Amino acid sequence: MSSPLSSPAPAEEASARRREILEIAARLFARKGYRGTSMRDIGEQAGVLGGSLYHHIKSKDALFIELHNAALDAAEARIAAAIDAVADPWAKLEAACATLLDIQLAPDSLTTPMMNDFREVPEAVRAQLIARRDRFERMFRALVDLLPLPPQIDRSIYRNLLLAQLNSAADWYRPGRLTPAQIAAQIVLLFRHG
């Protein structure tokens, strides 16, 4: 006879099962994109039949938004921890860039595919994704605002160019020559003024 402590409670089992489904869905979205992933695909991979999947997941749109936001929440927390450790504005920017690249360039990264699939989603979903991305980018806005840049440099354009460079690194990066931290140092060096 098992004790009450030896087997998980039904709520814990449901929570663990939902986490498993979310991980499967995230991998499918990363590999096949929003449009290429169906609820049926997720259910088959998770071993969940038909309507049972909707016990764990409200809809494909809600699932994609949840996974996207969770990826940004995790990235934001890691970047905040990295920049809290330094005081110099340029060092803060480099720490943020290095952490973001470390996240995006990881071989098993789900963040980059989740962030780059905005064209595939319905307009209402896109609006929610963009709103969350804009909140994420506030961290970089604050970092750029701290930099001693010449007055003729538009900080908004500076920030957007910096983020475009960081967000496109997964397109050209190949492991081996430089680490994400070394690439971040080079990017900040190129963006440094004064």
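Above this note sits the structure.
As a convention, each chain's residues are numbered from 1 in the sequence order in which they are written. Only residues with pLDDT of 70 or above have their local features reported here, since the model is predicted, and side-chain atom pairs are shown and tallied only from 80 upward, although totals for entire chains, interfaces and linings are computed over all residues. To obtain the side-chain values, all non-hydrogen atoms of the structure were included, while hydrogens and water were left out.

Colleague: So what exactly am I meant to see when it comes to the environment of Ile 103 here?
Modeller: Going along the chain from the N terminus, every DSSP run of H or I of four or more residues is numbered as a helix, and every run of E of two or more is numbered as a strand. The topology assignment puts Ile 103 in helix H5 (residues 89-105). Measuring from C-alpha to C-alpha, the distance between Ile 103 and Ile 79 comes to 9.6 Å, with 24 residues separating the pair along the chain.

Colleague: What am I meant to see in the packing of helix H7 (residues 123-146) against helix H8 (residues 155-172) here?
Modeller: A fitted line through C-alpha atoms serves as each axis, taken over the contacting stretch for helices, and the angle formed by two N-to-C directions is quoted from 0 to 180°. Where H7 contacts H8, the two axes come as close as 10 Å, and the packing angle between them is 125°. Here H8 runs oblique to H7, going by the angle between their axes. Along this stretch, H7 crosses H8, giving a crossing that reads as right-handed. For the pair H7 and H8, contact is made by Glu 137, Phe 140, Arg 141, Val 144 and Asp 145 and by Arg 155, Tyr 158, Arg 159, Leu 162, Leu 163 and Leu 166, respectively. Considered class by class, the residues forming the contact of H7 with H8 number 6 nonpolar, no polar and 5 charged. Oblique is the label for every angle not falling under 35 degrees (roughly parallel), over 145 degrees (roughly antiparallel), or within 65 to 115 degrees (roughly perpendicular). Handedness of each helix crossing follows the sense of rotation of the near helix against the far helix: counterclockwise by less than a right angle gives left-handed, clockwise gives right-handed. What makes two residues a contact is simply this: any of their non-hydrogen atoms within 4.5 Å. Here the term charged refers only to Asp, Glu, Lys and Arg, the term nonpolar to Ala, Val, Leu, Ile, Met, Phe, Trp, Tyr, Cys and Pro, and the term polar to all other amino acids, Gly among them.

Colleague: Is there a simple way to explain the nonpolar core in this structure?
Modeller: What tends to happen in soluble globular proteins is that the nonpolar side chains get buried as a cluster. Here, nonpolar core refers to any group of buried Ala, Val, Leu, Ile, Met, Phe, Trp, Tyr and Cys residues whose side-chain atoms link them within 4.5 Å. For every residue, the accessible area obtained with a 1.4 Å probe (protein chains only) is divided by the maximum for its type, and the residue is called buried under 20%, exposed over 50%, and partly exposed between those limits. Ranked by internal contacts, the top residues of the largest apolar core, which has 32 residues, are Leu 93, Phe 140 and Leu 166. For this core, the element with the highest residue contribution is H5, accounting for 10 residues. Formed by 22 residues, the second largest nonpolar core is a distinct cluster that contains Ala 26, Ile 42, Ile 65 and Phe 118.

Colleague: Sorry if this is basic, but what is going on with helix H9 (residues 180-191) here?
Modeller: Given a helix with a known number of residues, its expected span is that number minus one, times 1.5 Å. Under the 1.5 Å per step criterion, the end-to-end length of H9 is 16 Å for 12 residues, consistent within 8% with the ideal 16 Å. Within the sequence span of H9, burial applies to Pro 180, Ile 183, Ala 184, Ile 187, Val 188 and Phe 191. Take H9 and look down its axis: the buried residues cluster within an arc of 135°, on one side only. Residues of H9 that are exposed and point over 90 degrees away from its buried face: Leu 189 and Leu 190. Arc, as used here, means the arc of the directions from the helix axis to the C-beta atoms.

Colleague: I keep staring at the packing of aromatic side chains and nothing clicks. Help me out?
Modeller: The geometry of an aromatic ring pair is captured by two quantities: the separation of the ring centres and the angle between the planes. Stacked, tilted and edge-to-face pairs are distinguished by plane angle, under 30 degrees for stacked and over 60 for edge-to-face with tilted covering the rest, among Phe, Tyr and Trp rings (Trp via its six-membered ring) whose centres lie within 6.5 Å. For the structure on display, the rule yields 5 aromatic pairs. For the pair Phe 29 and Tyr 34, a centre-to-centre distance of 6.2 Å together with 5° between the ring planes defines the contact as stacked. Ring centres of Tyr 158 and Phe 191 lie 5.4 Å apart, and the angle between their planes is 90°; this geometry places the pair in the edge-to-face category. Of this pair, Tyr 158 sits in helix H8 while Phe 191 is found in helix H9, placing the two residues 33 residues apart along the sequence. Following the ring pairs from residue to residue traces out a cluster consisting of Phe 29, Tyr 34 and Phe 64. Sitting above the plane of the Tyr 34 ring, Lys 60 keeps its charged end 4.3 Å from the centroid. Here, a charge over a ring is recorded when the distance from Lys NZ or Arg CZ to the ring centre is within 6 Å and its angle to the ring normal is within 35 degrees.

Colleague: In this structure, what is going on with the packing of H5 against H7? I would like to understand it.
Modeller: Between two packed helices, the angle of one axis relative to the other and the distance separating the axes together describe the packing. Between H5 and H7, whose axes approach to 8 Å, the crossing angle comes to 155°. With respect to H7, the element H5 is oriented roughly antiparallel. Both H5 and H7 take part in a crossing whose hand is left-handed. Here H5 contributes Pro 89, Lys 92, Leu 93, Ala 96, Cys 97 and Leu 100 to the contact with H7, which in turn contributes Phe 136, Phe 140, Leu 143 and Leu 146. Along the lines of polarity and charge, the residues of the contact of H5 with H7 split into 9 nonpolar, no polar and 1 charged.

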